[in-house]
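Working through the structure, step by step
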Amino acid sequence: MLFRSNDPLYPQQWHYFNPAGGLNLPSAWDLADGQGVVVAVIDTGVRPHPDLADNLLAGYDFVSSPSMANDGDGRDSDASDPGDGCSNGRSTWHGTHVAGTIAAVSNNNLGVAGVAPAAKILPVRVLGCGGGYMSDIADGVVWASGGTVAGVTDNPQPARVLNLSLGGGGTCSSTMQAAIDGARSRGSVLVIAAGNSNTAAGTSTPANCRGVVVVAATGPAGAKAPYSN
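Residues numbered from 1 in each chain as written. Predicted model: local features only at pLDDT ≥ 70, side-chain atom pairs only at ≥ 80, totals over all residues. Heavy atoms only, no water.

Observations concerning the environment of Asn18
Relative to the helices and strands, Asn18 is located in the loop between helix H1 (14–17) and helix H2 (25–29). With relative accessibility at 17%, the residue Asn18 sits in the buried group. Separated by 199 residues in sequence, Asn18 and Ala217 place their C-alpha atoms 14 Å apart. Here Asn18 is in contact with Leu23, Asn24 and Pro220, once residues within four sequence places are set aside. In terms of polar contacts, Asn18 uses its side chain to reach the backbone amide nitrogen of Ala20, at 2.6 Å. (Helix = DSSP H or I, 4+ residues; strand = E, 2+ residues; numbered from the N terminus. Buried < 20%, exposed > 50% of the residue type's maximum accessible area, 1.4 Å probe, protein only. Contact = heavy atoms within 4.5 Å. Polar contact = N/O pair within 3.5 Å; in protein donor to acceptor, adjacent residues only side chain to side chain.)

Spelled out as structure tokens, the structure:
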């Protein structure tokens, strides 16, 4: 079994190896490790990190508002995360966290293990200071899956899996649903967070859009986490 046991923080990742409330990954790693799969992390962008460097592809920044982007301009080809803290507030670095969960380099005596340690991460920045616009998120979904977005060079490495650990209240917009439908038609699978408001996932978007895989959170015993939709 590929336990990736020499990553020093792996013993703290109970949600990987716990068979009741976790992923039971050691058994899955006997079958696959993500080799050949591109996963788009549609989020805040990504920071340089030695435990990610070997698995990062060139992404794109879809944050259209210069003030929200917090990097001095609007859309560009740099998916780096300059921080999402408003007015010098603390930043979450959420996209880097999500990217590491998915595909941190494993068995390298450094940091944590990734769920799919041989997958490649395509960072797609759609969130900045104060959040993000659904139109930017939708364009990120289109581009990441291999679709065409006006004014942006097509993505040369379309993602098989699109991860959106984001959301807010409301119904699924027609713009987002169209982006999801297009991504699915190109062969992508969309994995979307249920939300963290302890309510029905149907009240959170884009979790309530059609044709997506919605993921809630559990505790070690397998029950829904108290905060999770």
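So, the state of the cysteines
Enumeration according to the criterion identifies 2 disulfides in this entry. Each disulfide pairs two cysteine sulfurs, and for Cys86 the partner residue is Cys129, the sulfurs being separated by 2.3 Å. Pair noted here: Cys86 is in the loop between helix H3 (66–69) and helix H4 (94–103) and Cys129 is in the loop between strand S3 (120–125) and helix H5 (134–144), with a separation of 43 residues, a long-range link. The disulfide that involves Cys172 links it to Cys209, with 2.0 Å between the sulfurs. Here the S-S torsion is close to 100°, and the disulfide linking Cys172 with Cys209 is therefore right-handed. Of this pair, Cys172 sits in the loop between strand S5 (168–169) and helix H6 (174–185) while Cys209 sits in the loop between strand S7 (204–205) and strand S8 (213–215), and the two are 37 residues apart along the sequence. Judged by its relative accessible area of 7%, Cys209 falls in the buried class. Each bonded cysteine in the protein gets a number by its place in the sequence, and the pairs come out as 1-2, 3-4. (Disulfide = S-S within 2.5 Å.)

Observations regarding the sheet that holds S8
Strand order across the open sheet formed by 6 strands is S2-S3-S1-S4-S6-S8, with parallel pairing between neighbours. Among the strands making up the open sheet, the edge pair consists of strand S2 (60–61) and S8. Examined bridge by bridge, strand S4 (residues 161–164) and strand S6 (residues 189–193) share 4 bridges and lie parallel to one another. Across the sheet, residue Leu162 finds its bridge partner in S6, namely Leu190. (Pairing = 2+ DSSP bridges.)

Comments concerning unusual backbone geometry
Backbone geometry follows two general trends: most residues other than glycine have a negative phi, and most peptide bonds adopt the trans configuration. The omega torsion of the bond from Thr205 to Pro206 falls at 15°, within 30 degrees of zero and hence cis. Here Pro206 shows up in the loop between S7 and S8. Unusually for a residue other than glycine, Asn109 sits at a positive phi of about 60°. Residue placement: Asn109 occurs in the loop between H4 and S3.

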